[in-house]
Amino acid sequence: MAEYQVLEHDVLVIGAGGAGLRAAIEASANGVKVGLVTKSLLGKAHTVMAEGGVAAAMANVDDRDNWRVHFADTMRGGQYLNHPRMAELHAKEAPERVRELEAWGALFDRTKDGRILQRNFGGHRYARLAHVGDRTGLEMIRTLQDHGIHLGIDVHMEHTVVDLLKDGDRIAGAFAYDRERGRFKVFHAKAVVLATGGIGRAFQITSNSWEYTGDGHSLAYHAGASLKDMEFVQFHPTGMVWPPSVRGLLVTEGVRGEGGVLRNKEGRRFMFDDIPDNYKLQTADNEEEAWRYTIGDKNARRPPELLTRDHVARCIAREVREGRGSPHGGVFLDIAWIKEKLPNAAEHIKRKLPSMYHQFKQLADLDITQEPMEIGPTTHYMMGGVNVHPDSQMSDVPGLFAAGECAAGLHGANRLGGNSLSDLIVFGKRAGEFAAKFAKEHSTPALPKDRVDAVARIALEPFERQGTESAYDIQHELQERMQALVGIVRRQEEMEEAVAMIRRLESRAAKAVVHGNREYNPGWHTALDLRHLLTVSEAITIAGLDRKESRGAHFRDDFPNKDPEASKFNIVIVKGPDGAMQLKRVPVVPLTEEHKKIIEENQA
Amino acid sequence: MSGHGSGGTNTGGSAVFRIWRGERGKGDFADYKTEFSGGMVVLDVIHKIQASQAGDLAVRWNCKAGKCGSCSAEINGMPKLMCMTRMNQIDVTKPVTVEPMQAFPHVRDLVTDVSWNYEVKKRIKKYKPEKPGADGQWRMQQDDVDRVQEFRKCIECYLCQDVCHVLRDHHHHDKFIGPRFLVYSAALEMHPLDTADRVPDLHAEQGVGFCNITKCCTKVCPESITITDNAIIPLKERVVDRYYDPVRKLFRVFTGG
């Protein structure tokens with residue numbers, strides 16, 4: 001019998017980034033007892049790294065903007081595999097959620113007439129991203145954190161959830177341990193909201209923090225929920241490539257929004273060379289028009305650097321592959337050039353992009369107001385996730401909800417920049433609201449005591465094993481192989497090799513040995529994370545194998561074009577009765593007549 | 001077109017890391033000899049040691065990009081973020097010491113218990129905005145939000161709390177909230193729309209008077225917030241104006257305020 005403490009809540013929220021905090025605030029405002037579990041300290045979640053802004057059609061800068069245009073942009077970016085109802089709710093509710101942040105103390109940059117300033121971003125037709133310089137995520141998380149601490153939410157910092165618990169079909173809580181002492185905690189709850197973020201740590205080059213080990217995806221899958229769109233992993237075009245220790249670290253799209261241009265080693269702005277047909281009408285075809293757009297000329301079309309992330313990332317990969325890259329295997333991103341256009345360019349850059357200035361100055365000895373940066377693609381965002389109901393965010397498991405990056409649907413085959421922060425607050429709020437409602441309408445589930453004992457036993461196994469297998473080695477090998485075999489350009493044989501690799505690493509993970517004791521032991525934490533990393537890696541790979549076309553973020557060398565037939569389905573993964581992953585193709589959610597009309601009127 | 005700088009003079013080699021190992025304040029330094037390459041930061045070296053020599057070496061970190069403020073420690077005695085301290089800024093001819101922050105209770109190895117900070121924040125009066133305009137929106141000019149935005153750059157690494165002698169040496173955690181929360185209070189007090197009054201709390205239980213302007217906090221701030229000059233001194237002035245202004249003092253005698 002394992003020793004553990006039982007904690008009682010109506011709603012348990014797992015994850016304290018933007019989505020988790022917003023869910024906890026909403027559930028609490030709905031009058032239920034809320035627990036919030038976070039792997040790190042409060043206010044440190046990956047949301048702090050979001051830079052560019054939060055997309056919301058407030059029309060403060062361009063009065064032509066409205067939710068219909070935002071909806072159409074989101075659907076086009078997602079290649080119409082998005083759940084249209086989610087895209088609709090998101091576009092409609094984002095402005096109100098942003099204004100709410102202001103009511104709670106957020107201080108966005110201002111327009112001349114004193115309203116929230118909005119900036120241009122890739123794939124968004126009008127200036128739409130509310131922002132605070134290039135630290136919008138920090139502003140958002142701090143605002144939610146500082147608002148939330150006065151609401152009576154029980155915050156459990158530095159706790160990791162090992163498994164979800166069920167009573168029959170419905171959710172009953174979660175089994176966790178506190179990282180500081182290694183003590184087991186059973187969170188008994190009527191409803192659980194997963195808000196655990198993404199999976200970037202399954203890859204070697206990533207902009208994601210250590211927490212992004214796919215916990216929510218994996219916990220939901222093992223609890224019987226289905227996962228959707230797992231083949232769609234976004235590789236952000238601009239990560240740092242030098243020095244090696246910061247390879248992958250994000251360089252905000254805001255650099256391009258403020259006039260930054262991409263050049264190869266020959267000095268050519270190669271993005272003009274390959275503008276996809278469906279974006280031709282709204283993309284500038286010369287440098288002069290592109291600059292006019294940057295400085296706010298509403299009649300000018302967007303620079304090609306602001307095309308969707310998947311396209312820009314592949315163009316960069318092509319330049320590098322064909323020998324036109326920069327010295328350290330990237331291409332050049334140049335914002336310093338705007339000094340030809342603006343009298344006080346250096347001050348302007350420091351003011352609009354302070355974190356980027358700081359990041360390059362400190363980590364790469366480079367002054368971005370004077371010299372071009374070297375950048376290359378980095379694993380950035382997971383479009384796929386827990387398959388949820390568009391309005392309530394509930395998964396297939398009654399009482400289990402998911403919001404933010406660990407949920408699927410809003411972004412389809414690819415996400416637009418700025419649509420992540422808005423996703424967090426729109427659907428975080430909805431998940432919190434509906435989880436509270438579920439908790440109020442249902443009795444307390446029974447705790448599965450046998451299961452609790454079994455999970456505790458499994459969690460402690462790494463301490464009892466003999467041998468030399470290291471969890472760190474397994475993790476590093478997985479990351480390196482996933483990058484090489486299931487990365488930005490994919491092909492059949494390599495993904496098959498990846499499946500075999502995952503099988504091998506699974507059996508090695510079952511032998512991983514941990515030294516020391518349970519108190520703040522990173523070796524143990526790494527060993528327990530492996531299950532999640534391996535689960536999401538397998539899901540990404542088998543979904544990638546099944547989608548025999550290139551669409552959005554999923555690019556296959558052996559099927560380089562879109563297949564109209566493949567536009568008709570999403571790939572859904574569930575755990576089969578035998579414990580193996582089962583994959584099925586389900587028809588995409590059809591557009592309503594109204595949706596079709598909106599998309600039609602925004603074609604041009 | 002030029003590429004990146006080479007990363008300074010120290011392009012790699014070997015170093016001895018002298019890391020504090022132990023639990024709840026008890027322990028000792030342990031030496032780890034390790035190789036490092038150009039461009040590495042201290043946190044990279046710590047991770048390397050963790051993966052190869054000391055699997056259970058406890059270290060708190062998160063974003064590794066200077067944005068979350070988790071990996072605070074004392075490197076060669078200086079409070080710093082491990083993820084933003086490059087190896088080429090460090091003299092590797094001598095052992096490099098890495099210790100946990102001293103102003104908070106020790107947990108294990110490089111990890112300290114910073115929960116006190118979270119408790120302090122809860123005691124500060126929350127943001128209370130004035131009513132928005134008729135259209136439901138607030139209007140603020142960029143010039144008026146600039147100084148508050150400086151304070152809101154804070155990543156809560158607590159290095160300023162660590163270096164502050166009122167906390168570090170005198171342990172006045174019960175009567176002084178420390179530079180971080182003076183910055184936090186200043187951000188609220190100077191918010192163009194805020195209507196709450198925090199001056200009485202700052203004067204009494206939050207102890208703004210304990211700060212004697214040595215500016216150590218400003219020096220260690222990784223976000224380069226001018227903590228003392230822009231946040232603390234204006235708060236001290238507000239307290240002085242309210243409680244030590246002779247005219248107001250007289251007024252209070254008569255009103256009993």
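None of these values were measured; they are calculated from a predicted model. (Residues numbered from 1 in each chain as written. Chains lettered and ligands numbered in written order. Predicted model: local features only at pLDDT ≥ 70, side-chain atom pairs only at ≥ 80, totals over all residues. Heavy atoms only, no water.)

### With respect to the overall build of chain B
What counts, and what does not: Each helix is a run of H or I in the DSSP string that is no shorter than four residues. Each strand is a run of E no shorter than two, and both are numbered from the N terminus. Burial classes: relative accessible area under 20% of the type maximum marks a residue as buried, over 50% as exposed, and values in between as partly exposed (1.4 Å probe, protein chains only). It only takes one pair of heavy atoms within 4.5 Å for two residues to be counted as in contact. With residues, only the protein chains shown are counted as cover, and all accessible areas are computed by Shrake-Rupley using a 1.4 Å probe. Residues counted as positive are Lys and Arg, residues counted as negative are Asp and Glu, and His and the chain ends are not counted. Lysine's charge is taken at NZ, arginine's at CZ, aspartate's at CG and glutamate's at CD.
A count of helices and strands for chain B gives ten helices and seven strands. Seen through its C-alpha atoms, chain B measures out along the principal axes to roughly 70 × 50 × 30 Å. Going through the 257 residues of chain B one by one, you find that 55% of them count as buried. Taking as baseline every contact in chain B between residues at least 6 positions apart, the subset at least 24 positions apart corresponds to 63%. Accessible surface, chain B: about 10900 Å² in total, of which carbon and sulfur atoms supply 53%. When the 36 basic and 32 acidic side-chain charges of chain B are each reduced to a single mean position, those positions are 1 Å apart.

### Some details on the sheet that holds strand β11 (residues 233–240) of chain A
All names here are of chain A. Threshold: Any two strands are treated as partners once DSSP identifies two or more bridges connecting them. Note on geometry: axes are C-alpha line fits, over the in-contact stretch for helices, and angles between N-to-C directions span 0 to 180 degrees.
Strand order in this open sheet of four strands is β11-β14-β13-β12, and the pairing throughout is antiparallel. The two strands at the open ends of the sheet, each matched to only one other strand, are β11 and β12 (261–263). Strand after strand, the sheet turns through a mean of 45° between neighbouring axes, direction not considered. Relative to strand β13 (residues 331–334), β12 runs antiparallel, the two sharing three bridges. Its bridge partner lying in β13, Val261 is registered against Asp334. On the sheet, helix α8 (residues 309–321) packs against β11, β12, β13 and β14 (373–382) and is oriented at approximately 55° with respect to β11.

### Some thoughts on the pairing of strand β1 (residues 12–23) of chain B
Residues and elements named next belong to chain B. Relative to strand β2 (residues 26–37), β1 is paired through twelve bridges, and the arrangement is antiparallel. Pairing of Ser14 across the sheet is with Glu35, part of β2. Counting the residues between successive antiparallel strands, the hairpin from β1 to β2 contains two residues, one of them, Arg24, with a positive phi of roughly 45°. As defined by bridge partners, β1 adjoins strand β5 (residues 96–99) across three bridges and the pair is classed as parallel.

### Here we look at the domain arrangement of chain B
Residues and elements named next belong to chain B. Rules: In this entry, domain limits derive from an automatic or database-based domain assignment. Accessible area, probed at 1.4 Å, shrinks when two parts are joined; the buried area is that loss added up over both. Within this document, salt bridges are pairs made up of a side-chain nitrogen of Lys or Arg and a carboxyl oxygen of Asp or Glu, the two lying within 4 Å of each other.
When its domains are assigned, chain B resolves into domain 1 (12–112) and domain 2 (115–255). Each of domain 1 and domain 2 was reduced to a C-alpha centroid, and the two centroids are 31 Å apart. Contacts between the two partners involve 14 residues from domain 1 and, on the opposite side, 15 residues from domain 2. Interface area lost by domain 1 to domain 2 is led by Pro79, Ala103 and Phe104, which between them contribute 46%. For the pair domain 1 and domain 2, the interface holds one salt bridge. Between Glu74 and Arg168 there is a salt bridge, and its shortest N-O distance comes to 2.7 Å.

### Some points on the interface of chain B and chain A
We count it as follows: In protein, a polar contact requires one atom able to donate a hydrogen and another able to accept it; more generally it is a pair of N or O atoms within 3.5 Å, and residues adjacent in sequence count only if both atoms are side-chain atoms. Each residue receives one of three labels: charged for Asp, Glu, Lys and Arg, nonpolar for Ala, Val, Leu, Ile, Met, Phe, Trp, Tyr, Cys and Pro, and polar for the others, Gly being one of them.
In this complex, chain B contributes 66 residues to the contact, which on the side of chain A involves 74 residues. Viewed at the interface, chain A and chain B are joined by nine salt bridges. Counting across the chain B and chain A interface gives 38 residue pairs in polar contact (both at pLDDT 80 or more). Of all the elements in the fold, those that place two or more residues in the side of chain B that touches chain A are α1 (42–52), β6 (106–108), α2 (115–123) and α3 (142–151) of chain B. When residues of the side of chain B that touches chain A are assigned to their parent elements, the largest contribution, five residues, is made by α3(B). Along the lines of polarity and charge, the residues of the side of chain B that touches chain A split into 29 nonpolar, 19 polar and 18 charged.

### Some points on the side chain of A:Lys190
Along the chain, the position of A:Lys190 falls in strand β9 (residues 184–194). The residues contacting A:Lys190, other than those within four sequence positions of it, are A:His9, A:Asp10, A:Arg170, A:Ile171, A:Gly399, A:Phe438, A:Ala439, A:His442, A:Ser443, A:Thr444 and A:Pro445.

### Structural notes on empty space enclosed by the protein
Residues and elements named next belong to chain A. So the rule is basically this: The pocket and cavity definitions rest on a 1 Å grid over protein atoms only: a 1.4 Å probe that fits but cannot leave marks a cavity, an open set with protein on both sides within 12 Å along at least five of seven lines marks a pocket, and residues lining either have an atom within 4 Å of a point. Grid points are joined across faces, edges and corners, and a volume is the space filled by probe spheres set on the points.
Per the counting criterion, the structure on display carries twelve cavities of 30 Å³ or more. Size it by volume and the largest cavity reaches roughly 640 Å³. Around the largest cavity, the lining is made up of 47 residues, and of these His46, Thr47, Gly197, Tyr212 and Glu405 lie nearest the centre. The set of elements that each furnish at least two residues to the lining of the largest cavity consists of α1 (18–29), β7 (159–167), α5 (215–222), β14 and α11 (419–441). Residue classes in the lining of the largest cavity are distributed as 17 nonpolar, 22 polar and eight charged. Counting only domains with at least three residues in the lining of the largest cavity, you end up with domain 1 (5–234 + 380–449) and domain 2 (249–376).

### What about the pattern of salt bridges?
Residue and element names in this part refer to chain A. Following the criterion strictly, the structure yields 87 salt bridges over all chains and no others. For Arg85, the salt bridge identified is with Asp391, shortest N-O distance 2.6 Å. Separated by 306 residues along the polypeptide, Arg85 in helix α3 (residues 84–103) and Asp391 in the loop between β15 (385–386) and β16 (400–402) bring together distant segments of the chain. The class for Arg85 is partly exposed, based on a relative accessible area of 29%. One salt bridge in this structure joins Arg301 and Glu289, with 3.0 Å as the shortest N-O distance. Of this pair, Arg301 sits in the loop between α7 (287–294) and α8 while Glu289 is found in helix α7, placing the two residues twelve residues apart along the sequence. By relative accessible area, which is 26% here, Arg301 ends up partly exposed. Overall, the relative accessible area of 8% leaves Glu289 in the buried class. The structure contains a network of salt bridges with shared partners spanning Arg22, Glu26, Arg97, Glu100, Lys429 and Glu433.

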